[in-house]
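Remarks on the overall topology
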Amino acid sequence: LKLAGTDLDQAINLLVLGLDLAGTFVFALSGALAGVKHRLDVFGIMVLSFAASNAGGILRDLLIGAVPPAAIQDWRYLGTALVAGALTVFLRRFIQKAQEGVLVFDAAGLALFAVSGAQKALDFGLNPLMAAMLGMVTGIGGGVVRDLLLREIPTVLRSEIYALAALAGAAAAVWGQFFMPATLSGILGALLCFGIRMLALRRNWNLPPPVDSA
Amino acid sequence: LKLAGTDLDQAINLLVLGLDLAGTFVFALSGALAGVKHRLDVFGIMVLSFAASNAGGILRDLLIGAVPPAAIQDWRYLGTALVAGALTVFLRRFIQKAQEGVLVFDAAGLALFAVSGAQKALDFGLNPLMAAMLGMVTGIGGGVVRDLLLREIPTVLRSEIYALAALAGAAAAVWGQFFMPATLSGILGALLCFGIRMLALRRNWNLPPPVDSA
Amino acid sequence: LKLAGTDLDQAINLLVLGLDLAGTFVFALSGALAGVKHRLDVFGIMVLSFAASNAGGILRDLLIGAVPPAAIQDWRYLGTALVAGALTVFLRRFIQKAQEGVLVFDAAGLALFAVSGAQKALDFGLNPLMAAMLGMVTGIGGGVVRDLLLREIPTVLRSEIYALAALAGAAAAVWGQFFMPATLSGILGALLCFGIRMLALRRNWNLPPPVDSA
């Protein structure tokens, strides 16, 4: 049973890392597409890939005192962002056509970032309320920095459901940890965030999402 | 006498906390009003409330190595900002009419933030010159972040007296600590900053203040 | 011989400090000139002097956990920036005419900041890849913050050679440290960055450089 537990833990860790890098990848696509739209050079597109996918996590890590931030210590975050940026440059037309699919992944990335951000903040001793807020910051921070670099008023300030979905998911994950294992509570929080975001997209509850309007 | 001293200390601590939250409240009003002016949604207004009132202190805490920053650890700062944001949404007309009163409170908030920021920087071992600079950063940082989020050139860059009042107050508080108790020197520094700011407002020494021109 | 070694070390340290402050000075000029162009007041010009010359190093120090950042602890960085700002205000016409010379110094500052930034990141335990990236951030960060404060899309996002020169120099300095003393590898990295940047300027390989287009 112990072995099984270890195997399960390993499988979960691998899954979380995979989802984390998948979220990084999709957020990087949104940054790179915004860079293409503003006719940036290749270098600028790569910067936006990295900023859109990692600024939220870096900001969270700075605020909770986890330095150097994970995205600075672990080259895989940078690598993932650069691959997404390169794909956007070379397969631009294809990715622009696939934007609806990208939106689904974007919602998944938001859900994962919000939950993992909140749980990391809890681990570093923040109180539940501020941990939920930092989960939201982790989810939306990348988009805010992307928009600031492009001299836009951050989309998320005009399109509240996006941030509220992140906050709801993060809060649920934090709250759930009082009653159940962190893994389970994290999954429920992520599903809640993902669900709200997909519903909002389908029913047009708010302004166009970040990827479109960047 | 000792008891009296303790009572006095407690009274002073309570007063400082009260003034700190009052400053947070007024700066949050300025952020929320700027958000209303730019027709942001409720969520965007709340973000601006928090950013305008706490970004200066967060920036100071990151720079002096006091992590997690007070505004992240203590929910009362967030709570105060959200209350100010909600009041702005519901009582918008009233608050807009009361802007002259808000300006007085804004000057008080600036004075308190500048002094308390400088003293915290001193406590963390910075030299007097840089402690005074960080006091200024604490006072004006929230307004700068508010303007950046709204895609404005920060008002304070165009309206020098505002920042110089903060710098003068912070410098006086730091300088005074060589001769007198920190509490007394802080009060004198705050009065100096408040006085310069009110004089500048009355005699129109500079461009319209942040709250108006945001 | 040992004395000679110590003398050499002291000479090198003095040289590095001198170059560091020279780089600070030239970057501060670029910030102050940009402030003059946007008709900021004296205070705004000073803020831009400091931001353009020290934001890159502050960002690096925050990201590697070196708090308080050097530019906050050591008053000489602030002092250098203020002197450069004051010179720009009083000798504006002269400095604007001398812009070609300023560009050479700017390239030297970029080279030094990129190399010293990468080496500091290595010293704080970052892996070589991310150390090279942080070298680039140190070199270009000041210009990015300068442009954001002035509501411009950061020049460096549109003018890739500038950042790539910084990255190449930083990467060479990091890579060289596996084979040779850090001082030698740093010199080679700085020469590489300086060379690429000067070639790019001479052959018009990219858009106008930051100082012109700010």
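Residues numbered from 1 in each chain as written. Chains lettered and ligands numbered in written order. Predicted model: local features only at pLDDT ≥ 70, side-chain atom pairs only at ≥ 80, totals over all residues. Heavy atoms only, no water.

Things to note about the side chain of Asp 20 of chain C
Position of Asp 20 of chain C relative to the elements: it lies in helix α1 (residues 2–37). Look at Asp 20 of chain C: it is buried, it has no salt bridge, and the nearest opposite charge is Arg 60 of chain C at 6.8 Å. (Helix = DSSP H or I, 4+ residues; strand = E, 2+ residues; numbered from the N terminus. Buried < 20%, exposed > 50% of the residue type's maximum accessible area, 1.4 Å probe, protein only. Lys, Arg positive; Asp, Glu negative; His and termini not counted. Salt bridge = Lys/Arg side-chain N within 4 Å of Asp/Glu carboxyl O.)

Things to note about the relation of the copies chain A and chain B
Laying chain A over chain B is done by rotating through 120° and shifting 0.0 Å along the axis; what remains is an RMSD of 0.0 Å. Expressed as an axis order, the relation between the two copies is that of a three-fold axis. Identified as the residue of chain A closest to the rotation axis by C-alpha distance is Arg 151 of chain A, at 3.8 Å. (Least-squares fit on C-alpha atoms with pLDDT ≥ 70 in both.)

Examining the packing of aromatic side chains
The way to describe two aromatic rings as a pair is by their centre distance and the angle between their planes. Applying the stated criterion across every chain, the model contains six aromatic pairs over all chains. Each ring, one from Phe 27 of chain A and one from Phe 113 of chain A, has its centre 5.0 Å from the other, and the planes form 85°; the classification is edge-to-face. A residue pair is termed long-range when its members are at least 10 positions apart, and Phe 27 of chain A in helix α1 (residues 2–37) and Phe 113 of chain A in helix α6 (residues 99–123) qualify at 86 residues. Pairing Trp 175 of chain C with Phe 179 of chain C gives two aromatic rings, centres 5.0 Å apart and planes at 70°, and the pair type is edge-to-face. Phe 179 of chain C carries the same exposure label as Trp 175 of chain C, and that label is exposed. (Phe/Tyr/Trp six-rings, centres within 6.5 Å; stacked < 30°, edge-to-face > 60°.)

Quick look at the packing of helix α2 (residues 42–64) of chain B against helix α4 (residues 75–90) of chain B
Residue and element names in this part refer to chain B. α4 packs onto α2 with a crossing angle of 130° between their chain directions and a minimal axis gap of 8 Å. Classed by the angle they form, the pair α2 and α4 counts as oblique. In the packing of α2 onto α4, the handedness of the crossing is right-handed. Taken together, the residues of α4 that come into contact with α2 (itself represented by Ile 45, Met 46, Ser 49, Phe 50, Ser 53 and Asn 54) are Tyr 77, Leu 78, Ala 81, Leu 82, Gly 85, Ala 86 and Val 89. (Axes fitted to C-alpha atoms, helices over the stretch in contact; angles between N-to-C directions. Parallel < 35°, antiparallel > 145°, perpendicular 65-115°, else oblique. Left-handed = near helix turned anticlockwise from the far one by under 90°. Contact = heavy atoms within 4.5 Å.)

A word on a nonpolar patch on the surface
Residues and elements named next belong to chain B. Together, Val 42, Val 83, Leu 87, Val 89, Phe 90, Leu 91 and Phe 94 make up an exposed nonpolar region whose accessible area comes to about 660 Å². When residues of the nonpolar patch are assigned to their parent elements, the largest contribution, four residues, is made by α4. Checked against the element boundaries, Val 89 lands in helix α4. Residue class for Val 89 comes out partly exposed when judged on its relative accessible area of 30%. (Patch = residues over 30% accessible without salt bridge, like charges linked within 9 Å, V, L, I, M, F, W, Y side chains within 5 Å. Areas by Shrake-Rupley, 256 points an atom, 1.4 Å probe, with all protein chains shown as cover.)

Focus: the environment of Leu 78 of chain B
Position of Leu 78 of chain B among the secondary structure elements: in helix α4. In this structure Leu 78 of chain B comes out as buried when scored by relative accessible area, which is 3%. The spatial distance from the C-alpha of Leu 78 of chain B to the C-alpha of Ala 165 of chain B is 26 Å, given a sequence separation of 87 residues. Setting aside residues no more than four positions away along its own chain, Leu 78 of chain B makes contact with Leu 129, Met 130 and Met 133 of chain A together with Phe 50 of chain B.

Observations regarding the relation of the copies chain B and chain C
The two copies are related by a screw motion: chain B maps onto chain C through a turn of 120° and a shift of 0.0 Å along the axis, at an RMSD of 0.0 Å. The residues that chain B uses at the interface reappear at the interface of chain C in only 12% of cases, marking distinct surfaces.

Let's talk about the packing of α2 of chain B against helix α7 (residues 128–149) of chain B
All names here are of chain B. Packing of α2 against α7 brings their axes to within 7 Å, and their N-to-C directions diverge by 140°. Taken together, α2 and α7 sit at an angle that is classed as oblique. Of the two elements, α2 crosses α7, and the hand of that crossing is right-handed. Along its contact with α2, which presents Val 47, Leu 48, Ala 51, Ala 52, Ala 55, Gly 56, Gly 57, Leu 59, Arg 60, Leu 63 and Ile 64, the element α7 presents Leu 134, Val 137, Thr 138, Gly 141, Gly 142, Gly 143, Val 145, Arg 146 and Leu 149. Tallied by class, residues from the contact of α2 with α7 come to twelve nonpolar, six polar and two charged. (Nonpolar A, V, L, I, M, F, W, Y, C, P; charged D, E, K, R; others polar.)

Concerning the confidence of the model for chain A
All names here are of chain A. Overall, the prediction assigns chain A a mean pLDDT of 85, with 92% of residues at 70 or greater. Contacts for the low-pLDDT stretch residues 207–214, under 50 throughout, to residues beyond four places or in other chains number 27 contacts. For this predicted complex, the interface score ipTM comes out at 0.79, while the overall pTM is 0.84. (pLDDT = per-residue confidence, 0-100.)

Here we look at the interface of chain A and chain B
Of the residues lining the interface, 25 residues belong to chain A; the matching set on chain B comes to 22 residues. Around 1900 Å² of area is buried between chain A and chain B when both sides are counted, 73% of it from carbon and sulfur atoms. It is Leu 63, Met 130 and Leu 157 of chain A in chain A that bury the most area against chain B; as a group they hold 33% of the surface buried on that side. Connecting chain A to chain B are zero salt bridges. Put simply, chain A and chain B have two residue pairs in polar contact (both at pLDDT 80 or more) between them. Of all the elements in the fold, those that place two or more residues in the side of chain A that touches chain B are α2 (42–64), α7 (128–149), α8 (155–158) and α9 (160–176) of chain A. Sorting elements by how many residues they give to the side of chain A that touches chain B places α7 of chain A first, with eight residues. When its residues are assigned to classes, the side of chain A that touches chain B shows 18 nonpolar, three polar and four charged. (Buried area = accessible area lost by both parts, 1.4 Å probe. Polar contact = N/O pair within 3.5 Å; in protein donor to acceptor, adjacent residues only side chain to side chain.)

Section: the interface of chain B and chain C
Taken together, the 25 residues of chain B in the interface contact 22 residues of chain C. Carbon and sulfur atoms make up 73% of the surface buried where chain B meets chain C, a total of about 1900 Å² over both sides. Three residues, Leu 63, Met 130 and Leu 157 of chain B, lead the burial of chain B against chain C; their summed loss comes to 33% of the area buried on that side. Viewed at the interface, chain C and chain B are joined by zero salt bridges. Only α2, α7 and α8 (160–176) of chain B provide two or more residues apiece to the side of chain B that touches chain C. Class assignment of the residues belonging to the side of chain B that touches chain C gives a composition of 18 nonpolar, three polar and four charged.

Some remarks on the environment of Leu 21 of chain C
Residues and elements named next belong to chain C. Along the chain, Leu 21 turns up in helix α1. For the pair formed by Leu 21 and Ala 32, sequence separation is eleven residues and the distance between their alpha carbons is 16 Å. Setting aside anything within four residues of it in sequence, one finds Leu 21 in contact with Arg 76, Tyr 77 and Thr 80.

Notes on the pattern of salt bridges
Once their charged atoms are close, side chains differing in charge can pair, the charge on each being opposite to the other. By the definition in use, this model includes twelve salt bridges over all chains. Residue Arg 60 of chain B is joined to Asp 61 of chain B by a salt bridge in which the shortest nitrogen-to-oxygen separation is 2.9 Å. One exposure class covers both Arg 60 of chain B and Asp 61 of chain B, and it is buried. Because the salt bridges share partners, they merge into one network encompassing Arg 60, Asp 61 and Lys 120 of chain A.

Structural notes on the nonpolar core
Core analysis: the largest hydrophobic core is formed by 166 residues, its most contacted members being Ile 140 of chain A, Ile 140 of chain B together with Ile 140 of chain C. With eight residues, the next largest nonpolar core counts Val 26, Ala 28, Leu 29 and Val 102 of chain C among its residues. (Core = buried A, V, L, I, M, F, W, Y, C linked by side-chain atoms within 4.5 Å.)

A look at unusual backbone geometry
Of the consecutive residues Val 67 of chain B and Pro 68 of chain B, the connecting peptide bond is found in the cis state with omega at -10°. Its place among the elements puts Pro 68 of chain B in the loop between α2 and α3 (70–73). Of note, the phi angle at Arg 39 of chain A is positive, near 55°, even though the residue is not glycine. Take Arg 39 of chain A: it is sitting in the loop between α1 and α2. A residue is classified by how much of its surface remains accessible, and Arg 39 of chain A, at 73% relative accessible area, is exposed.

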